[in-house]
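# Descriptive analysis of the structure
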Amino acid sequence: PVTIVSGLPRSGTSMLMQMLQAGGMKLFTDSQRRADADNPKGYFEHRSSMLIESDASWIPLARGSAVKIICQHLPVLPEGESYKVIFMDRNMKEVIESQKAMLDRKGRKGGNLKPVNMMSVLDAHVAAAERTLTRRSDIDVIYVEYDDVIQNPKKVSLEIAGFIGGQLDTEAMGRAVEPTLKRQTAEVNGLHEKEK
């Protein structure tokens, strides 16, 4: 099968890819996007995954590997393959704050969007992805909570390894998680950024 690590941008998908790599799984990446202040361990992306809506011919190349595909692209996954999707769920307020912090650092448009507007857009992406995951018989999915990974990396590593069905080093996967890289924390009365 093609193993897909998915979720919203800034939901912890790069951390999941890092865990799989540490566990011994082959990754489908091109290393073009370098590590930076927002993802000091790297992004683990492949440019093809971002162009999947116009060209999905590369998917067979990812068989037996893990590839990161953000959730808004899941509805266009081509049929004819077997997929295992590891979907990262993270508190939406933390996702939004993390996205805004990254856009602000890069000086890119979008950092000024109101949280309520961003939440509406992101909710729509997740809803469309979940509909796809529910109706497609060629897709198996496991949902992983971001905070669960941070707090219980060994337990989550065992669950992921069991889901994938391969021989992964779950001890190494758990050690790959660095809780100090979590810099956004949702509060009941709004958003704020928690510094290291």
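This is a predicted model, so every value here is computed, not measured.

For the rest of this paragraph, the subject is the side chain of E81. Of note, E81 is situated in the loop between β2 (66-68) and β3 (83-89). For E81, a relative accessible area of 15% puts it in the buried group. Only 2.7 Å separates the side chain of E81 from the side chain of R63, close enough to count as a polar contact.

Turning our attention to the sheet that holds β3. What the four strands build is an open sheet, ordered β2-β1-β3-β4; its pairing is parallel. Since the sheet does not close on itself, it has two edges, and those belong to β2 and β4 (139-145), each with one partner. Within the sheet, the average angular offset between the axes of one strand and its neighbour, ignoring direction, is 25 degrees. Summarising the sheet, strand β1 (residues 2-7) and β3 pair through six bridges and their orientation is parallel. Looking across to β3, one finds that V5 is bridged to I86.

Of all eleven residues in helix α1 (residues 13-23), nine are buried, a share of seventy percent or more. If you check which residues of α1 are buried, you get T13, S14, M15, L16, M17, Q18, M19, L20 and G23. Summarising the contacts, the buried residues of α1 are in contact with β1, β2, β3, α5 (146-151), α6 (153-164) and α7 (170-175). Of the residues one or two after α1, G24 is the one with positive phi, at around 105 degrees.

Here is what the cut-offs are and how they apply
Residues numbered from 1 in each chain as written. Predicted model: local features only at pLDDT ≥ 70, side-chain atom pairs only at ≥ 80, totals over all residues. Heavy atoms only, no water. Helix = DSSP H or I, 4+ residues; strand = E, 2+ residues; numbered from the N terminus. Buried < 20%, exposed > 50% of the residue type's maximum accessible area, 1.4 Å probe, protein only. Polar contact = N/O pair within 3.5 Å; in protein donor to acceptor, adjacent residues only side chain to side chain. Pairing = 2+ DSSP bridges. Axes fitted to C-alpha atoms, helices over the stretch in contact; angles between N-to-C directions. Contact = heavy atoms within 4.5 Å.

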